[in-house]
Amino acid sequence: MDIVITVAVIIGAIALGALVIHRLNAQRDERVTEFRYSDAPPGPGGRGAKPRRWRPTGGSSDDPARRGRSG
């Protein structure tokens, strides 16, 4: 008798977990269809400012201290 109850509880837990996963997937699908990924975000600047390019700071490339010592 204990085995039957245990199996019934396990099957019930699996069914409940499947139902929760199904509902979460349905909610996610609704959110994905509402949000249009191809639209630019609201606000000034559209998709945002261009990223700033990295520039070396301090000294030029002709600086002898940066090239190493010769001689």
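Above this text you will find the structure in question.
Residues numbered from 1 in each chain as written. Predicted model: local features only at pLDDT ≥ 70, side-chain atom pairs only at ≥ 80, totals over all residues. Heavy atoms only, no water.

Chemist: Give me the overall build of the protein: which residues, what numbers.
Modeler: Looking only at helices and strands, the protein has two helices and zero strands in total. In the protein, which comprises 71 residues, the share counted as buried stands at 0%. Here the protein displays about 7400 Å² of accessible surface, and carbon together with sulfur accounts for 59% of that area. (Helix = DSSP H or I, 4+ residues; strand = E, 2+ residues; numbered from the N terminus. Buried < 20%, exposed > 50% of the residue type's maximum accessible area, 1.4 Å probe, protein only. Areas by Shrake-Rupley, 256 points an atom, 1.4 Å probe, with all protein chains shown as cover.)

Chemist: If you had to explain a nonpolar patch on the surface to someone new, which residues and values would you point to?
Modeler: A cluster of nonpolar residues, Leu-16, Leu-19, Val-20 and Leu-24, forms a patch on the protein surface that exposes about 380 Å² of accessible area. Within the secondary structure layout, Leu-19 lies in helix H1 (residues 2-34). Judged by relative accessible area, Leu-19 falls into the partly exposed class, the value being 48%. (Patch = residues over 30% accessible without salt bridge, like charges linked within 9 Å, V, L, I, M, F, W, Y side chains within 5 Å. Salt bridge = Lys/Arg side-chain N within 4 Å of Asp/Glu carboxyl O.)

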